[in-house]
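Per-entry structural report
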Amino acid sequence: MSIVGTETAGVNRRKAAFDDLGSLQENFFVKSRDYKLQYAHLYFMRLMLMRPQVLKQAQLKWGSLDSAPKHVEKVLDVQQGEISYLVGTVYMDMKLKPNILNDITKDHWIAAQPDRPKYTDDDDSVYLEDESGRVKLTGSKIVSDFFVTGLVMGVLGSEDLDGDFKVVDICYTIPPPQEQPNLMETDEADKYVALVSGLEIGSNRFNPLELDLLAEYLTGEIGGTKEQIACANIVRVILAGNSIVTPEIVEDDTKAKKYGYDRSTFVTEPTTALDSFLREVCSSVSVDIMPGESDPSSITMPQQPIHPALLQSAREYSTFQSVTNPYWSCVDNVTLLGTSGQTIDDIYKYTKSEDRLHMASKTLGWGHMAPTAPDTLWCYPFKDKDPFIMKQLPHIYFIGNQDKFATELVTGNDGRRTRVVMLPSFASTSTIALVNLRTLECHSVSFSTVKN
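Residues numbered from 1 in each chain as written. Predicted model: local features only at pLDDT ≥ 70, side-chain atom pairs only at ≥ 80, totals over all residues. Heavy atoms only, no water.

Considerations on the confidence of the model for the protein
Convention followed: The quantity called pLDDT is the predictor's confidence in a given residue, expressed from 0 to 100. Starting at the N terminus, helices and strands are each numbered in turn, a helix being any DSSP run of H or I of at least four residues and a strand any DSSP run of E of at least two. We call two residues in contact when some of their heavy atoms are within 4.5 Å.
Mean pLDDT over the protein: 89, with 88% of residues reaching 70 or higher. No element of the protein has a lower mean pLDDT than helix 3 (residues 100-105), which averages 55, and none a higher one than strand 14 (residues 396-402), which averages 98. Below pLDDT 50 for its whole length, residues 4-9 participates in eight contacts with residues either more than four positions away or in separate chains.

In structure tokens:
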């Protein structure tokens, strides 16, 4: 029996105001699919939309310097030896990065190279480009930091004898606005949002017993009154991708080969198990489910919602909502932004660092959640917008399906705060995260049926 309506214990699920942030969330929906468009449109729109904000930040940062640097509008108009600043889009020249043109020029019988965990190499170069062309960036500021293709930034420096632009300082966009959260203390207990990712139902790592424990925890069926009261403070659950994994089909050579669609190869058990889990949890608390890399959804970003027809039982509840990846929402005036992990997984390949939490925090400063799209992260070829630009600074920023749990409270110079949460795969770690909606404090909760 769930905690909702339990008269014996006198424990009821807390209520929380919810806003789907339609003005932001609407950008992630692909209403008409036209793959004839060139990706150059997306890069052009990104630069056009972000350049004014980056330029404003550059003027604030460098406008009062004694050297009085001037802004050069086109990167190819920079003058040798003259201190100036440029604004453009980063291009990373990395020989280990996948290149479709190189792939199709190779002999067709050569086996494809396996995916590399990293694209980095000592010979990598950083360029800044705009409509006029591109210029190579050098200097200690470039060597000491990491960059990704598609990042819009400003650089201060001068052209050297080799024609390269030697950078002495860097700036990014002006931070977007952030809604003022309600941080007032009350006599009531604080409310929480539960963040879960990587259930991986159907994989070899999936443990049905641990999934049952998670369902009972979220519905308040574990422990006594004290534990039920704590669970009642969870006002929303977000599943951040990779909820199911389709098992690999092992072909049976003894059976007659069928051509066309073969219904016998379709495995329904993972979807049925997920539907059963959602039905139980949705009977007690609101649930948002995001698609991930292994879920039945579009492979390009932004991923479209999992079709409710696949979840026959869960969709009957008003508390169930299938959403996009990435996903914007607002709970009790606290803004949340999250992805299922592909954005940081791709950025991870551009740097020698292993600190994924730092990478996620960097995207906040960049003002863009997926700068490597469409270069190495597949995405829809948008023509007149870039939905991955952060038009608002979230209070909670979560990344699903990471290798371990990690969290950091990022505080800006103006005092605005964002709780960054790296969600581990539940199938691998049996761990979820709870975020306090008033204080933005975050802690993990682990479920394990394995005896140490």
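What about the pattern of salt bridges?
Threshold: Within this document, salt bridges are pairs made up of a side-chain nitrogen of Lys or Arg and a carboxyl oxygen of Asp or Glu, the two lying within 4 Å of each other. A 1.4 Å probe rolled over the protein chains alone gives each residue an accessible area, and that area as a share of the maximum for its type sets the label: buried under 20%, exposed over 50%, partly exposed in between.
Using the criterion set out here, one finds 18 salt bridges in the structure. Ionic pairing is found between Lys 61 and Asp 169, a salt bridge with its closest N-O pair at 3.4 Å. Here the residue Lys 61 occupies a position in helix 2 (residues 40-62), and Asp 169 occupies one in strand 7 (residues 165-171), the gap between them amounting to 108 residues. Overall, the relative accessible area of 39% leaves Lys 61 in the partly exposed class. Here Lys 95 ties to Asp 121 by a salt bridge, and the two come within 3.9 Å at their closest N and O atoms. With a gap of 26 residues between them, Lys 95 in the loop between strand 3 (84-93) and helix 3 and Asp 121 in the loop between helix 3 and strand 4 (125-129) connect regions that are remote in the sequence. Lys 95 sits in the exposed class, given a relative accessible area of 59%. Because the salt bridges share partners, they merge into one network encompassing Arg 51, Lys 74 and Glu 131.

Section: the packing of aromatic side chains
Heads up, the rule is: Each aromatic pair joins two rings of Phe, Tyr and Trp (for Trp, the six-membered one) with centres within 6.5 Å, and gets the label stacked for planes under 30 degrees apart, edge-to-face for over 60, and tilted for any other angle.
Within this structure, the stated rule accounts for six aromatic pairs. When the centroid spacing of 5.6 Å and the interplanar angle of 55 degrees are considered together, the rings of Trp 62 and Tyr 85 count as tilted. Residue Trp 62 is located in helix 2, and its partner Tyr 85 is located in strand 3; the two are separated by 23 residues in the primary sequence. The residues Trp 62 and Tyr 85 share a single accessibility class, namely buried. Summarising the aromatic geometry, the rings of Tyr 217 and Phe 447 are spaced 5.3 Å apart at their centres and angled 70 degrees between planes, so their arrangement reads as edge-to-face. Residue Tyr 217 is found in helix 5 (residues 208-218), and its partner Phe 447 is found in the segment after strand 18 (442-446); the two are separated by 230 residues along the sequence. Residue Tyr 217 shares its accessibility class with Phe 447, and that shared class is buried.

With respect to the packing of helix 5 against helix 7 (residues 269-282)
Each pair of packed helices can be summarised by the angle the axes make with each other and by the distance between the axes. Test applied: Axis geometry follows a simple rule: fit a line to the C-alpha atoms, using only the stretch in contact for helices, then measure angles between N-to-C directions, giving values from 0 to 180 degrees. Here is the rule for angles: anything less than 35 degrees is roughly parallel, anything more than 145 is roughly antiparallel, 65 through 115 is roughly perpendicular, and the remaining ranges are oblique. The handedness criterion is simple: a crossing whose near helix is rotated anticlockwise from the far helix by less than a right angle is left-handed, and one whose near helix is rotated clockwise is right-handed.
At a closest axis distance of 9 Å, the pairing of helix 5 and helix 7 adopts a crossing angle of 20 degrees. Comparing their axes, helix 7 and helix 5 come out roughly parallel. At the point where helix 5 passes helix 7, the crossing takes the right-handed sense. Residues Leu 211, Leu 214, Ala 215, Glu 216 and Leu 218 of helix 5 pack against Phe 277, Glu 280 and Val 281 of helix 7.

Points about the nonpolar core
The cut-off we apply is this: Nonpolar cores were defined as sets of buried Ala, Val, Leu, Ile, Met, Phe, Trp, Tyr and Cys residues, with membership established by side-chain atoms within 4.5 Å.
Judged by nonpolar contacts, the single largest core of 56 residues is most densely connected at Leu 137, Phe 147 and Met 153. Membership of the second largest hydrophobic core comes to 31 residues, among which are Ala 215, Phe 277, Val 281 and Ile 289.

Considering the environment of Asp 130
Rules: Definition of a polar contact: a pair of N or O atoms within 3.5 Å, with one able to donate and the other able to accept a hydrogen when the atoms are protein atoms, and with sequence-neighbouring residues admitted only if both atoms are side-chain atoms.
Examined against the element boundaries, Asp 130 turns out to sit in the loop between strand 4 and strand 5 (134-138). Spatially, the C-alpha atoms of Asp 130 and Glu 73 are 9.2 Å apart, while their sequence positions differ by 57 residues. Contact partners of Asp 130, with chain neighbours within four places excluded, come to Leu 47, Arg 51, Glu 73, Lys 74 and Val 75. At 3.1 Å, the side chain of Asp 130 and the backbone nitrogen of Val 75 are in polar contact.

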